[in-house]
Amino acid sequence: MHDALAQRGMRFERKGSGAILWVGDEAVKASSAGRECSMSALEKRLGEFEPRADERSPDPPRRAPQPIDPVSKPWKEYIAQRDHHDAERAAARDCLAERQRDEKQRTAERHRSEREDIFSRSWRGERDLLNAARSVLAAQQAQEKAELRDRQKLERDGLRREQRFPSFKEWLAERSPELAQEWRYRERQPAVIEGPKFDPPATRDIRAFEAVVDGGRVHYHLTGERGSPAFTDRGKVIDIRDTTRRENVLAALQLSAQKWGTFTVHGSEPFKRLCAELAAEHGFKIANPELQQAIVADRERVRLKTEPWPAQNARPSSLAEAYRLQLADARQGVPDNADPSRLDAEVAVRLRVAGHSPDAIARAIREGAPAMRPNEQRDWDAYARRAANFAFSVPGSQLAAHLEPQRARLIGVERLYHRELDARPDESRRLGRSR
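Residues numbered from 1 in each chain as written. Predicted model: local features only at pLDDT ≥ 70, side-chain atom pairs only at ≥ 80, totals over all residues. Heavy atoms only, no water.

1. Overview of the overall build of the protein
Secondary structure summary: the protein contains 16 helices and 10 strands in total. Taking all contacts inside the protein whose residues are at least 6 apart in sequence as the whole, residues at least 24 apart take part in 57%. Accessible surface for the protein amounts to roughly 27200 Å². Of this, 51% is attributable to carbon and sulfur atoms. (Helix = DSSP H or I, 4+ residues; strand = E, 2+ residues; numbered from the N terminus. Contact = heavy atoms within 4.5 Å. Areas by Shrake-Rupley, 256 points an atom, 1.4 Å probe, with all protein chains shown as cover.)

In structure tokens form, the structure reads like this:
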């Protein structure tokens, strides 16, 4: 391994309990080259690590930067062609400038000769005729100079327009429209699912998707649709083209689960958030550390949504009363001037822990909050939706996990409403009860 790396200008060294990989004079963690390149993985495959025999080996030659994005690989060819074009353009510009300079010089010499021919003869006694000749000659030569100046300016402008070299995107579009599109969206974070090892692409049965083999890749199209594929299996990674369609991401995650079982997702925050939701709903194993908390929160949300309520746990017949009781319980030990919006956010999380759906939480706040604060001017529909969304967000899920041990007590808080109705049978019959 040491010899093979040395041929490529690299070397592998132990660093603490891990290892570093020198690429030229740049040091990177060995595991960044791949999980299979870490010290522990290599020792499992190759045995105990032994340092290179010649510790004082000469430093490897400096390596020129190399593109890691396939769309950037034609850049050197583009630069070479553009430099050649610029050199030809500079030569043409110099040739035009020299020709125009000679033309100006010849015109100036001709004008001088014309003036000498006219003024060399004797104009004694013909002063008026001499002045008229001077005036006519000056006007004629001034017109010729203006025409020459305008024509040369048009020539220079035409040279600039005709010799403009296309931009990199235009140059790519002439060769590959697909590469041009990839370059256009190069700054966007690509949606990629990465597996722990290379698994050769092969056609698999993925729901309503058709597999099309393209060399060493397999494209998956939604049945009945043509054009760009929904996602592509490249062996170690799966590229997802359109992440706005939930069915595309779900099918790509299903393919990843078939190939690797556990995998990592890369891309924008909305894409990773969608992957976390689908993992919670379908049991996918995503290895991203930053998504584990969101996956746990989503799984809890799914469990609360699907878990049946025990028969003995009576639910309140009025969501507004559920809001009022949870708010009263949340106010205990809280100053009177506390922000009501923060209290409503906590009440929304309490209602979630007590088993209410997002729609029920929004309705409870919409009906209960205006009754408790009639003088407050708000868009109560939007306010209630924001509170319900907070209850199932990442911060709301953290608070829900903190309140989960109190779930039975929070359910009991809502059952106070039923005990009040039981104590007032007339009102109970008027309002109705749900058990």
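2. Details of the confidence of the model for the protein
In this model, the protein carries an average pLDDT of 81, and 85% of its residues clear a pLDDT of 70 or more. The weakest mean pLDDT in the protein belongs to helix 16 (residues 425-431) at 39; the strongest belongs to strand 10 (residues 285-286) at 94. Here residues 309-317 is a poorly scored stretch, pLDDT under 50, and it has 29 contacts once near neighbours within four places are set aside; other chains count. Contacts for the low-pLDDT stretch residues 417-435, under 50 throughout, to residues beyond four places or in other chains number 29 contacts. (pLDDT = per-residue confidence, 0-100.)

3. As for the pairing of strand 4 (residues 191-194)
Two elements, strand 4 and strand 8 (residues 237-240), share 4 bridges in a ladder whose sense is antiparallel. Within strand 8, the residue paired with Ile193 across the bridge is Ile238. Sheet topology note: the strand 4/strand 9 (residues 262-266) ladder contains 3 bridges and is antiparallel. Its bridge partner lying in strand 9, Val192 is registered against His266. (Pairing = 2+ DSSP bridges.)

4. So, the pattern of salt bridges
In this structure the tally under the stated criterion is 31 salt bridges. Note that Glu43 is salt-bridged to Arg14, the shortest N-O span being 3.5 Å. On the criterion of sequence distance, the pair formed by Glu43 in helix 2 (residues 39-46) and Arg14 in strand 1 (residues 10-15) is long-range, its members being 29 residues apart. On the basis of relative accessibility, which here comes to 29%, the residue Glu43 falls in the partly exposed class. Here the salt bridges share partners, and the residues they tie into one network are Arg99, Glu103, Arg151 and Glu155. (Salt bridge = Lys/Arg side-chain N within 4 Å of Asp/Glu carboxyl O. Buried < 20%, exposed > 50% of the residue type's maximum accessible area, 1.4 Å probe, protein only.)

5. Comments concerning the side chain of Asp199
Relative to the helices and strands, Asp199 resides in the loop between strand 4 and strand 5 (209-214). We classify Asp199 as buried; its relative accessible area is 16%. Those residues in contact with Asp199 that lie beyond four places of it in its chain are Arg204, Gly235, Lys259 and Trp260.

6. Comments concerning the sheet that holds strand 1
The sheet built from 3 strands is open, its strands ordered 1-2-3 with antiparallel pairing. Only two strands of the sheet have a single neighbouring strand rather than two, namely strand 1 and strand 3 (26-29). Within this sheet the neighbouring strands show an average axis-to-axis angle of 30°, counted without direction. Taken together, the 6 bridges between strand 1 and strand 2 (residues 18-23) define a ladder with antiparallel strand orientation. Looking at strand 2, one finds that Arg14 is bridged to Ala19. (Axes fitted to C-alpha atoms, helices over the stretch in contact; angles between N-to-C directions.)

7. Some points on the packing of helix 11 (residues 340-353) against helix 12 (residues 358-372)
Viewed as axis vectors pointing N to C, helix 11 and helix 12 meet at an angle of 135°, and their least axial separation amounts to 10 Å. The orientation of helix 11 with respect to helix 12, classified from their angle, is oblique. The two elements helix 11 and helix 12 meet at a crossing, and its hand is right-handed. Along its contact with helix 11, which presents Asp344, Ala348, Leu351 and Arg352, the element helix 12 presents Ile361, Ala364, Ile365 and Ala369. A breakdown of the residues in the contact of helix 11 with helix 12 according to their chemical character gives 6 nonpolar, no polar and 2 charged. (Parallel < 35°, antiparallel > 145°, perpendicular 65-115°, else oblique. Left-handed = near helix turned anticlockwise from the far one by under 90°. Nonpolar A, V, L, I, M, F, W, Y, C, P; charged D, E, K, R; others polar.)

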